Every structure is written in structure tokens, then in C-alpha cells.
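Below are the chains, spelled out letter by letter.
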Amino acid sequence: MTNSSDHPSATRRVFAIISHPDAGKTTLTENMLLAAGAIHQAGQVAARGQRRRTQSDWMKIEQERGISVSSSVMTFEHRGLVFNLLDTPGHEDFSEDTYRTLTAADCAVMVLDAAKGIEPQTLKLFEVCRLRDIPIITFVNKFDREAREVYDTLAEIEDKLALDVVPMQWPCASGRRFKGVAELKTNSFLPFNTDGKHSDATEFGSGEMLDCIDDADLAEEYSEEVELAREYGEFNEQSFLEGHMTPVYFGSALKKFGVLQLIDALAQFAPRPQIEKCVKNGKEDSVAPTDKTVSGFVFKVQANMDPNHRDRVAFLRLSSGVFKRGMKLKTTENKTISVHNPILFFAQDRELAEQAYAGDVIGIPNHGVLRVGDSLSESGKIRFAGIPNFAPELLRRARLADPLKAKHLRKALESLAEEGVTQLFKPAMGSDMIVGAVGSLQIDVMAERIKTEYGLEVVFEQSMYQVARWVVSDDASALQVYINKNQGAIAEDLDGAPVLLAKSQWDVSYAADKNPQLRFLKIKERN
């Protein structure tokens, strides 16, 4: 096993962007691509009408509501590095999609609203990052609007997230008085232009900087703040990589200010693909990016990205080896996939990938063979940690306007459940299909997608069930006895695993008390 710095995987950087809804994550994504030269116009910022469409929000419902409801992958190059940007939904109803996406990221950019600081969903997503020790770069956005005190935001990061903060920049005022940021390491000043155009940095404290600020009192106050900012201490790269320290940057994604500096920070600090733990031939092992054997795992499945073709694409994060178009890869269930048309992504735009390396994300078109959590390798003997399914908060019964199309509805629900949009439960008795979701927006998205992509009018009605729990036991016979006795409350998930559908949490607790040999789980690993 070698770890050569000249291996192509060493030039890969995989990062996700996380934030609370409306913190400006999608706008930042657009303008990162614009700053890196990957696109020529930021759809959300400068277009109108039908053209007012972001590259990352490609679904119809995303474009209509102005929200991200699906993770997307975009690849761009900057400073000799290849960046794979994983854009995640900010809305809490899609936290499972975000969790799955973070399993494929080596670093995260946490976007905060300068006026609001850390919001509830930011906190939840950070906890997911902490579970995986993902290093975080913080970008405090919207300084073109009135912001809270910078010291308060930094203190909140330290208190709520238990992170050491090191401001790499310091902003001069906010809103209409916002003048730019000081680069603390280089002792320079980057002026802010309201028209979004770039200005060259000047020396901090120079006449050019004072001309940019054009307010003697503000300039004096700002100089004192910058001196205090230097007291936060030096940036420690090792502490950052271990997930204990976050460098902080400031700007305005909408005005394209500070975006290029953020990309430069990713180029400088984001880690290259790392050694990953796995199970090989039934024993705990690990794979390195430079290993010869190609391996990776599916963290997302997306259907109907191209509405003209009933396509179904599995997103594979490569963990080792040099992938070549036409290779045959195997799942741990010994299914063989011939990858003739691997895809490199740019939102819904795509191109064929002739080669790919550890750290790259490729799309594998397939017809239901690959699922979220599947491990792929040349040998079929490498298995990475499964991606968990979480018990849904809402359960709804699917009802069609046209009962004759029940078979088509089942296929649509299964396809979307395989993506992880929602979960699907098939009761042992009756023909109802029970859909599980984290929040109501997921249900709205599913109804819209079934209508748009499958041409079916479906209504999701209140179900008699309120709680779902997976039923497992080390005693197979005891499990089967329980299933046989409770057919009216038992269903199967998409993997065929037994699920208890209960009317209340009390019913679950009662079942657990009466059946101590069984376990009723809120989380199930999906392999």
C-alpha cells in the first residue's frame, strides 16, 4: 500500500456545503462555480424568467419554490485541483439525503447567515459532521446586509459547536456601510464592490484602503478591531483536520464577494481522499486511495434526472484504484455491473468519464440493480460501512385518482423510495402502500414528482399508523412467531425487513415490554 503525493487522487478534493435554509447555500454554490470558471452566468443571480434557474437546483419543484430538495454533484477545477462539490438540501425534511451525502465528503463548508448566526438546522447538520469528524470551513454570508456583531457569531460557534475559531479575515462593518475584509495572514485589504466586480487587494492601512473606507471614524474603529482579531491565535491545520478548529471567512455570495477566497481556502486546507475503513473477506481492513483495486460506495440514487429518458443513476464515491470506462464491478451480493457509460456530473449536465480516481464521484446508469449503501469493487469482497435509514416521522397512505393505475403507482413509489426521497412500507395484510417521511415537504415533493415524472395523480392521506420501527432479534424463531401473531401491524420495507406499524409510541413500548427477545429500532443500517 503506497501513499504517493503524485498519484492523481492527491489532486481530488470532495466537499459538501451545509447550512440552514435561506442562508444562501445555493447562491454560494452557483458563484463558486462561476468564480472557478465552470459556468459563465450564475442562474439564480443574473437571469430572468425561464432562465432564472440555478445549475444545482434542476428539479421543477426546486425551481418553482427556490429551495434545494435533492443533493447534486458538480465538478470543477481550480489551482490544479479537481473539486467535487456536493450540494445538499438545507431543509430539515431532507436531512437524510444530507446525511447520506456527507458520508461521501472529506470536508464541509458551513454557511451562516451574518444576521442570524447558528440556526437549528445548521446545528443538526454540524452534529452529523461531528459524528464523522469532518473538518469544517465556516463562511459567514450576507455581509451586504445588516449583520450582528462578528464577536457574537464567533462566540456562538465556540459555545454551541464546541469548535475553536480562527478568523482568517475580518469584515469592515456590514449592510450599506460594508467596505470589505482584511486578510489577516497577508495583512491586506480586499475592497467590496456593490456591483459584484472584483477589486485587487491593497495593503492594510494604506491610503488606498482609507480611500475605500472613506470614513475616518470607521477606519480607526476598524483598525482597532483587526488588531483584536489577531488575538484569536494561529490556525492549526492538524486541529482543523481532526474537526476541532474552524477557519472563518466572510463575504456576500449574492454579490460574489469572498467566494474566490473561500475556494482558495478549500484548495489550501481541504484534505485529499483519505484511507477508509472497510470489511474485506469478512475481516476489518482498510483501503487507501492509491490501492490498485477499484472500490467505492453508492451514497445516492437519482431517477429521472433526464425526463426524456427514464434514467436511473447511482452516485458512486470512489475510494481506491483507477477506474476505467468499461470496467466490471461487483457488489458484495456478487452482482456484476458492467460500467460502459460512467458519468461525470455538472448538475443535470453530464459527460462520459473515461477515467476516474479515488475522490471522484461518478454516475452509474442502472435499472434498479444498485441501491443506496451498496459497496462496489473489482473483487466484490470489499464492504464499506452501511448508510443508515432513520425511522420516519410521518406515515401516509397513497391513494390514486385512477385505481386502474395501481401497478404504475407501486413502481413509482418503489423507484423514489430507492432514491431515499421517502421510505415505503408494504403491510402484510391489505393492498395499501404506506409512505414514510421526515416532514411534510417530502410528501409534497413526492406527489409533485409522481405527477411530473410518472403522469400519476396521487393523494397522500392520513394513515391509521403514526410510528414505524424495524423489528429484529437474535432469535429467528421468536421473530417469526411475533410476525405471525401480529400480521395486522407488520409490514416490510423495501429490503424485505419486518417493520412494526403502530398507532402510537405507547404501542411500541408495550410490544417491547411483552417481547424482551425482540428489538424495535429507530435506525437500520442499509448495506
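Just so you know, these numbers come straight off a predicted model, no measurement behind them.

**Focus on the overall build of the protein chain**
In step 1: What the protein chain contains, in helices and strands, is 14 helices and 34 strands.
In step 2: Looking at the 527 residues of the protein chain, the share that counts as buried comes to 56%.
In step 3: Sequence separation of at least 24 residues holds for 70% of the intrachain contacts in the protein chain that already meet a minimum separation of 6.
In step 4: Approximately 23,400 Å² of the protein chain is accessible, and the part contributed by carbon and sulfur atoms is 47%.

**Things to note about the packing of helix α1 (residues 25–35) against helix α10 (residues 259–269)**
In step 1: At their nearest, the axes of α1 and α10 sit 9 Å apart, and the two run at 80 degrees to each other. In terms of orientation, α1 lies roughly perpendicular with respect to α10. Facing L28, N31, M32 and A35 of α1, the residues of α10 in contact are V259, L260, L262, I263 and L266.
In step 2: A breakdown of the residues in the contact of α1 with α10 according to their chemical character gives 8 nonpolar, 1 polar and no charged.

**Details of the layout of surface pockets**
In step 1: Put simply, the largest pocket is a space of about 1,000 Å³.
In step 2: In terms of lining residues, the largest pocket is bounded by 30 residues, among which T103, R132, I275, E276 and K277 are the most central.
In step 3: When contributions to the lining of the largest pocket are tallied by element, the ones reaching two or more residues are β12 (276–280), β13 (283–287), β25 (387–390) and β34 (523–526).
In step 4: Here the element with the most residues in the lining of the largest pocket is β12; it accounts for 4 residues.
In step 5: Split into classes, the residues belonging to the lining of the largest pocket amount to 17 nonpolar, 3 polar and 10 charged.

**Points about the environment of S5**
In step 1: Residue placement: S5 occurs in the segment before β1 (12–19).
In step 2: Residues S5 and T290, spaced 285 residues apart in sequence, show a C-alpha to C-alpha distance of 9.5 Å.
In step 3: In contact with S5, other than residues within four places in its own chain, are A10 and R272.

**What about the pattern of salt bridges?**
In step 1: Summed over all chains, the structure comprises 20 salt bridges.
In step 2: We note a salt bridge from R12 to D360, for which the minimum N-O separation is 3.0 Å. Here R12, found in strand β1, pairs with D360, found in the loop between β21 (355–357) and β22 (361–365); they are 348 residues apart in sequence, far enough to count as distant. Exposure class is identical for R12 and D360. Each is buried.
In step 3: Taking the shortest distance from any N to any O, the salt bridge between R449 and E453 comes out at 2.8 Å.

**So, the sheet that holds strand β10 (residues 202–203)**
In step 1: Taken together, the 4 strands give an open sheet; going across it, the order is β7-β8-β9-β10, and neighbouring strands pair in antiparallel fashion. This sheet does not close on itself; its edge strands, each paired only once, are β7 (169–172) and β10.
In step 2: The pairing of strand β9 (residues 188–191) with β10 spans 2 bridges and is classified as antiparallel. Across the sheet, the residue bridging to F189 is T202, located in β10.
In step 3: Running at roughly 160 degrees to β7, helix α8 (residues 216–229) makes contact with β7, β8 (180–183) and β9 of the sheet.

**Thoughts on the pairing of β9**
In step 1: Of the two faces of β9, the one lined by S188 and L190 and the one lined by F189 and P191 are each fully buried.
In step 2: Bridge count for β8 against β9 is 4 bridges, and the pairing is antiparallel. In the sheet register, G180 faces β9, and the bridge partner there is P191.
In step 3: What sits between β8 and β9 in their antiparallel hairpin is a turn of 4 residues, with N187 showing a positive phi close to 55 degrees.

**Let's talk about the confidence of the model for the protein chain**
Regions with low pLDDT should not have their predicted coordinates read in detail.
In step 1: When pLDDT is averaged across the protein chain, the result is 86; 89% of the residues are at 70 or more.
In step 2: In the model, residues 42–59 has pLDDT below 50 throughout and makes 55 contacts with residues more than four positions away in sequence or in other chains.
In step 3: Overall, residues 61–71 carries pLDDT values under 50, and its contacts beyond four positions in sequence, including any with other chains, amount to 41 contacts.

**Focus: the sheet that holds strand β31 (residues 490–492)**
In step 1: Here 8 strands make up an open sheet; going across it, the order is β29-β26-β28-β27-β31-β32-β30-β33 and the pairing antiparallel. The two strands at the open ends of the sheet, each matched to only one other strand, are β29 (458–462) and β33 (519–521). Across the sheet, the mean angle from the axis of one strand to that of its neighbour is 40 degrees, orientation sign disregarded.
In step 2: One ladder, built from 5 bridges, connects strand β26 (residues 394–400) with β29; its direction is antiparallel. Within the sheet, the bridge partner assigned to R396 lies in β29 and is Q462.
In step 3: Sheet strands touched by helix α13 (residues 476–485): β30 (467–472), β31, β32 (498–502) and β33. Its angle to β32, the strand with the most contacts, is close to 40 degrees.

**Here we look at the nonpolar core**
In step 1: Counting residues in each nonpolar core, the largest one holds 77 residues, and the members touching the most others are L86, Y222, F299 and F323.
In step 2: Not counting chain neighbours up to four residues away, the residues in contact with F323 comprise V294, L318, L329, V339, P342, E354, Q355, A356 and I362.
In step 3: Judged by nonpolar contacts, the second largest core, of 32 residues, contains I17, L28, V111 and A267.

Calculation criteria
Residues numbered from 1 in each chain as written. Predicted model: local features only at pLDDT ≥ 70, side-chain atom pairs only at ≥ 80, totals over all residues. Heavy atoms only, no water. Helix = DSSP H or I, 4+ residues; strand = E, 2+ residues; numbered from the N terminus. Buried < 20%, exposed > 50% of the residue type's maximum accessible area, 1.4 Å probe, protein only. Contact = heavy atoms within 4.5 Å. Areas by Shrake-Rupley, 256 points an atom, 1.4 Å probe, with all protein chains shown as cover. Axes fitted to C-alpha atoms, helices over the stretch in contact; angles between N-to-C directions. Parallel < 35°, antiparallel > 145°, perpendicular 65-115°, else oblique. Nonpolar A, V, L, I, M, F, W, Y, C, P; charged D, E, K, R; others polar. 1 Å grid on protein atoms, 1.4 Å probe; cavity = no way out; pocket = protein on both sides within 12 Å on 5 of 7 lines; lining within 4 Å. Points joined across faces, edges and corners; volume = space filled by probe spheres on them. Salt bridge = Lys/Arg side-chain N within 4 Å of Asp/Glu carboxyl O. Pairing = 2+ DSSP bridges. pLDDT = per-residue confidence, 0-100. Core = buried A, V, L, I, M, F, W, Y, C linked by side-chain atoms within 4.5 Å.

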